[in-house]
Amino acid sequence: MCASDNSGSESYAVNVADTAAPEAAADPALIADLVTANHILFDQGVVDAFGHVSVRHDKNPSRFLLARNMAPGHVTAQDIIEFTLDGEPVNAAGRKVYLERFIHGEIYRAYPEVQAVVHSHSHAIVPLSVLKTMPLRAIFHMAGFIGEGAPVFEIRDVAGPGTDLLIRDNRLGRALAECFKASDIVLMRGHGSTVIGRSLQQVVYRAVYAEINARYQLETAHLGDVTYLTAEEARTCAMNIEGQVQRPWDLWRRQAEQRRKQ
Ligand code: MN
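Here is what the cut-offs are and how they apply
- Residues numbered from 1 in each chain as written.
- Predicted model: local features only at pLDDT ≥ 70, side-chain atom pairs only at ≥ 80, totals over all residues.
- Core = buried A, V, L, I, M, F, W, Y, C linked by C-beta atoms within 7 Å.
- Buried ≥ 20, exposed ≤ 12 C-beta atoms within 10 Å, placed from the backbone.
- Helix = DSSP H or I, 4+ residues; strand = E, 2+ residues; numbered from the N terminus.
- Contact = placed C-beta atoms within 7 Å.
- Pairing = 2+ DSSP bridges.
- pLDDT = per-residue confidence, 0-100.
- Axes fitted to C-alpha atoms, helices over the stretch in contact; angles between N-to-C directions.

Caption draft 1: The nonpolar core, seen in detail. Formed by 72 residues in total, the largest nonpolar core has its most connected members in Leu 41, Ile 146, Leu 187, Val 203, Val 204, Ala 207 and Ala 210. For this core, the element with the most residues is helix H6 (residues 200–221), which contributes 9 residues. Residues in contact with Ala 207, not counting those within four places in the same chain, are Leu 41, Val 46, Val 118, Ser 120 and Val 195.

Listed below in structure tokens is the structure:
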């Protein structure tokens, strides 16, 4: 593994030339949902100035949609850019893009069923990404998708000891994507997490409840032994409760839009 591949010379916001022609325009309703997802994730405290959410293009499964490099709380439909699975923009037209866009492209390439991806540094998740003795693990019914223990991606194993921990190329994106074979959420050591879903509504639900689950784990860990969900309980909860993701989506959307007007 070659640590010198990651010298840190590229800044967090980057200009990348467009490399291909855009696909037919995505469904405006899908773009509106992607904008909403950005606003909800900010309003719910999953993302701050950093973090991002994407959705697979509805007209071409080899493309995905992601905002330009900006704080998610400010995203509008005009800020959405189309990318190839290599993470190359096709209609950025000079606008800066997220450095870690390779997370999204490599996950969509590896898992055809995945329709949406959230990457964040949410506050209760990061401690669990570095704790060697306690994995993120489903502690209550709303977070069954987490299962018995989320994998932790160790970037040192792939990129060596001196990186900035960022997923700054396709090779690192592929290595991270591998971890989703066993889980729908992967923690990234000293960095945050990435979560996948079959819709924007589901992935936003998961990102919000993963953060709540992590908080509960940190709150209960020092009080005594914890009874976690079994693998079977986690599976059943996810199957039965995630059918309702539209309900929190509608609530969170309204709340986020009301707060944006204040
Ligand atoms: Mn990041």
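Caption draft 2: Seen up close, the pairing of strand S6 (residues 116–120). Burial within S6 is extensive, with 5 of its 5 residues counted as buried. Covered by surrounding structure in S6 are Ala 116, Val 118 and Ser 120 together with Val 117 and His 119, the residues of both alternating faces. Relative to S6, strand S2 (residues 52–56) is paired through 4 bridges, and the arrangement is antiparallel. Bridge pairing in S6 places Val 55 opposite Ala 116. Here S6 runs beside strand S9 (residues 192–197); their pairing, made up of 5 bridges, is antiparallel. Along S9, the bridge assignment pairs Val 118 with Val 195.

Caption draft 3: Quick look at the confidence of the model for the chain. Looking at the chain as a whole, the pLDDT averages 94, with 96% of positions reaching at least 70. Segment residues 1–9: pLDDT under 50, and 15 contacts once partners within four positions in sequence are set aside and those in other chains are kept.

Caption draft 4: Region of interest: the sheet that holds strand S3 (residues 63–67). A sheet is described by the order of its strands in space; here 7 strands give the open sequence S4-S3-S2-S6-S9-S8-S7, paired in mixed fashion. Where the open sheet ends on each side, the last strands, each with one partner, are strand S4 (80–84) and strand S7 (152–153). The pairing of S7 with strand S8 (residues 185–188) spans 2 bridges and is classified as parallel. Each bridged residue has a counterpart across the sheet, and for Val 152 the counterpart in S8 is Leu 187. Packed onto the sheet, H6 meets S2, S6, S8 and S9 and runs at close to 145° relative to S9.

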